[in-house]
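Here's the letter readout for the chains.
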Amino acid sequence: MSDSFDLIVIGAGPGGYVAAIKAAQLGMSVACVERQYLGGTCLNVGCIPSKALLDSSERYATAKHGLSDRGIKIDNVELDLPAMMKFKEKVVGQLTGGVGFLFKKNKITHLEGHGKIAGPGKVEVEGKTYSAKNILIATGSEPIEIPGFKFDGKHILSSTEALEIGELPEKLLIVGGGYIGVEIGSVWNRLGAHVSVLEFMDRILPASDAECAKALQKSLTKQGLEFHFGVKAKSATVKGDKVEVVYEPKDGGDATTITVDKVMVAVGRKPYTDKLGLDSVGVTPTDRGFITVDEHYKATDGVYAIGDVIGKIMLAHNAEEEGIAAVEHIHGGAGHVNYGTCPAVVYTHPELASVGLTQEEATDKFGKDGIKIGKFNLAANGRARGMGETEGFVKVIGDAKTDRLLGCHIVAAHASDMIAEAVTAMEFASSCEDLARVFHAHPTLPEAIKEAAMAASDGKAIHA
């Protein structure tokens, strides 16, 4: 095995392994360092296992509660949690094994262990030093631990352990009403746990379009999740096999104490930049731990960084795009990431998928009279009716002067699939009218996007 490479990537998550493959495709000799597992957080303890559990729990809930009106009778539906977890692990194993196969196919050297920059052009892995013309940092992020809630992996959990609970808890408390909190809360609520969520802000998903977030919040409340807003979590104390949690109003007031079986803290993630040897190349992280890069993802000569460690948009698909763009720059070409068209999805039921500006952001930028809004309810969509999935709506936001599409937000079953059309339209700078005039197969859910675009373009949806 060679000790010298054109590029060494530190981290094999979605950003890192995609960057490594792209570099190999461009003819570089590449090594990728990974201390834990190929695929990183996303494939192993994040995106993929959570979606496997979300899908399994949704099927369980549908089989238990949602088929009788379709003429399908199922008696004695039972939860086999170990089998559900085994399926999740099987999916993870298949995908991480796929990354290993791609490394071999593209002749990428996998260096197992902790990677540390040992100076310009040098990376140390488990005591051995390798040289590289360029180094790409793609080490991702880890859950934030808050005071009074020290993770113990059994009673007080991060999102990682919350995906591995072996026995259904009677009561689960989640600190944080962001997408991780509501997704994992949905899983355990569907399976039969009583789920409570503590959120500092006045609603779930503070970064999402407010109308859409509130609609989803209403739906999740009907499903059984219990939300407490405007509160601050103070402490969690393990007493026997229970956890005593204290929280209080964020603006002051009497504290409340509740007892639950498990607590999951999901208040965000922090970049993993510790013990990377950044000082050896003169790179100093920000106060929050992020690495500052230029428009080409360069932190300093010969050192680049992408993904969660640079903190632009902390999503797996964004890291992938940054990885490809960075490698293209390293290779001497041009690479670009259009952050304005990066979609975001909350995989609850219904889902919430978004791209572009929220209504609040668009109003701030263009003024209330500078934008136009088109909405269409799924209840008027033929395919949604046939599927029994009529909850939700599509919102299209356009520029009042130019008709340019500024944003699209969808609360619906399969919103994660529907949003791709709006992402493509925005990438090509489409107008609302363009989106309204494109053929849409009938009957399909994306027809709701067409109707919302009609409503935004000229105020006249057909089926509304």
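The following paragraphs examine the structure supplied in this document. (Residues numbered from 1 in each chain as written. Predicted model: local features only at pLDDT ≥ 70, side-chain atom pairs only at ≥ 80, totals over all residues. Heavy atoms only, no water.)

### Description of the packing of helix 3 (residues 47–65) against helix 6 (residues 179–191)
Okay, so step 1: Two elements in contact, helix 3 and helix 6, have axes separated by 9 Å at closest approach and are oriented at 30°. For the element pair helix 3 and helix 6, the recorded crossing hand is left-handed. Of the residues in helix 6, those in contact with S50, K51, L53, L54, S57, E58, Y60 and A61 of helix 3 are E183, S186, V187, R190 and L191. (Axes fitted to C-alpha atoms, helices over the stretch in contact; angles between N-to-C directions. Helix = DSSP H or I, 4+ residues; strand = E, 2+ residues; numbered from the N terminus. Left-handed = near helix turned anticlockwise from the far one by under 90°. Contact = heavy atoms within 4.5 Å.)

### Here we look at the sheet that holds strand 20 (residues 351–356)
Okay, so step 1: Spatial ordering of the open sheet is given by 19-20-23-22-21, a layout of 5 strands whose pairing is antiparallel. The open sheet has two free edges, formed respectively by strand 19 (344–346) and strand 21 (371–377), since each of these has just one partner strand. Across the sheet, the axes of successive neighbouring strands diverge by a mean angle of 10°, strand direction being ignored.
Okay, so step 2: Sheet analysis places strand 19 next to strand 20, joined by 3 bridges and oriented antiparallel. Looking at strand 20, one finds that V345 is bridged to A353.
Okay, so step 3: Against the sheet, helix 11 (residues 415–427) touches strand 19, strand 20, strand 22 (393–399) and strand 23 (405–412), its axis set at about 175° to strand 23.
Okay, so step 4: In this fold helix 13 (residues 447–458) packs onto strand 21, strand 22 and strand 23, with an angle of close to 145° to the strand it touches most, strand 21. (Pairing = 2+ DSSP bridges.)

### Side note on the environment of E199
Okay, so step 1: Take E199: it is sitting in strand 10 (residues 194–199).
Okay, so step 2: Since its relative accessible area comes to 8%, E199 is described here as buried.
Okay, so step 3: Distance from E199 to E164, taken between C-alpha atoms, is 23 Å for residues 35 residues apart in sequence.
Okay, so step 4: A distance of 2.6 Å separates a polar side-chain atom of E199 from the backbone nitrogen of G177. (Buried < 20%, exposed > 50% of the residue type's maximum accessible area, 1.4 Å probe, protein only. Polar contact = N/O pair within 3.5 Å; in protein donor to acceptor, adjacent residues only side chain to side chain.)

### Digging into the pattern of salt bridges
Okay, so step 1: Going through the model one piece at a time under the given rule, you end up with 13 salt bridges.
Okay, so step 2: Across the pair K239 and E244 runs a salt bridge, and its minimum N-O distance is 3.3 Å.
Okay, so step 3: Of the charged contacts, one joins D301 and K298 as a salt bridge, the two residues approaching to 3.6 Å between their closest N and O atoms.
Okay, so step 4: Judged by its relative accessible area of 29%, K298 is partly exposed. (Salt bridge = Lys/Arg side-chain N within 4 Å of Asp/Glu carboxyl O.)

### A closer look at the sheet that holds strand 12 (residues 231–239)
Adjacent strands of a sheet pair through backbone hydrogen bonds, lying either parallel or antiparallel.
Okay, so step 1: Read from one edge to the other, the open sheet built from 3 strands follows the order 12-13-14, with strand pairing classed as antiparallel. Two strands lie at the open edges of the sheet, namely strand 12 and strand 14 (256–260), each paired on one side alone. Strand after strand, the sheet turns through a mean of 25° between neighbouring axes, direction not considered.
Okay, so step 2: One ladder, built from 5 bridges, connects strand 13 (residues 242–249) with strand 14; its direction is antiparallel. Among the inter-strand pairings, E244 is bridged to a residue of strand 14, identified as T259.

### Remarks on the side chain of T96
Okay, so step 1: Tracing the chain through its elements places T96 in helix 4 (residues 81–105).
Okay, so step 2: Separated by 3.2 Å, the side chain of T96 and the backbone oxygen of G93 make a polar contact.

### Focus on unusual backbone geometry
Okay, so step 1: Looking along the chain, the bond that leaves H349 and enters P350 is cis, with omega of 0°.
Okay, so step 2: Assignment of secondary structure puts P350 in the loop between strand 19 and strand 20.
Okay, so step 3: Between H442 and P443 the backbone carries a cis peptide bond, its omega angle lying at -5°.
Okay, so step 4: With phi around 60°, K275 is a residue other than glycine that occupies positive phi space.
Okay, so step 5: Along the chain, the position of K275 falls in the loop between strand 16 (269–271) and strand 17 (298–300).
Okay, so step 6: In this model, D403 sits at a positive phi of 70°, which is unusual for a non-glycine residue.
Okay, so step 7: With respect to the helices and strands, D403 occurs in the loop between strand 22 and strand 23.
Okay, so step 8: Exposure remark for D403: the relative accessible area of 10% places this residue in the buried category.

### Considerations on the pairing of strand 3 (residues 109–112)
Okay, so step 1: Only one face of strand 3 is covered, namely the face carrying T109 and L111; the face carrying H110 and E112 is uncovered.
Okay, so step 2: Both strand 2 (residues 30–34) and strand 3 contribute to a ladder of 4 bridges, which runs parallel. Among the inter-strand pairings, A31 is bridged to a residue of strand 3, identified as T109.

### Overview of the environment of M84
Okay, so step 1: Assignment of secondary structure puts M84 in helix 4.
Okay, so step 2: You can call M84 buried: its relative accessible area is 10%.
Okay, so step 3: In sequence terms M84 and S56 are 28 residues apart; their C-alpha atoms lie 7.0 Å from each other.
Okay, so step 4: Those residues within four positions of M84 in sequence are excluded, and the remaining contacts are L53, S56, S57, L79 and L191.

### Looking at the nonpolar core
Okay, so step 1: With 52 residues, the main nonpolar core has L136, I137 and Y297 as its most contacted residues.
Okay, so step 2: The dominant element in this core, judged by the number of residues it contributes, is helix 1 (residues 14–25), at 7 residues.
Okay, so step 3: If sequence neighbours within four positions are ignored, Y297 has contacts with V303, Y304, A305, I306, I310, E322, A325, A326, V337 and Y339. (Core = buried A, V, L, I, M, F, W, Y, C linked by side-chain atoms within 4.5 Å.)

### Describing the packing of aromatic side chains
Okay, so step 1: For the structure shown, the criterion picks out 2 aromatic pairs.
Okay, so step 2: Taken together, a centroid distance of 6.5 Å and an interplanar angle of 45° make the contact between F5 and Y130 tilted. With F5 in strand 1 (residues 4–10) and Y130 in strand 6 (residues 128–137), this residue pair connects regions lying 125 residues apart in the sequence. The same class applies to F5 and to Y130, which are both buried.
Okay, so step 3: Seen in terms of ring centroids, F227 and F229 are 5.6 Å apart; in terms of plane orientation they differ by 10°. Their pairing is stacked.
Okay, so step 4: The class of F227 is buried, set by a relative accessible area of 14%.
Okay, so step 5: The ring of Y272 has R35 sitting right over it, with the charged end atom 4.7 Å from the ring centre.
Okay, so step 6: Sitting over the ring of F393, K375 keeps its end group 4.7 Å from the ring centre. (Phe/Tyr/Trp six-rings, centres within 6.5 Å; stacked < 30°, edge-to-face > 60°. Lys NZ or Arg CZ within 6 Å of the ring centre and 35° of its normal.)

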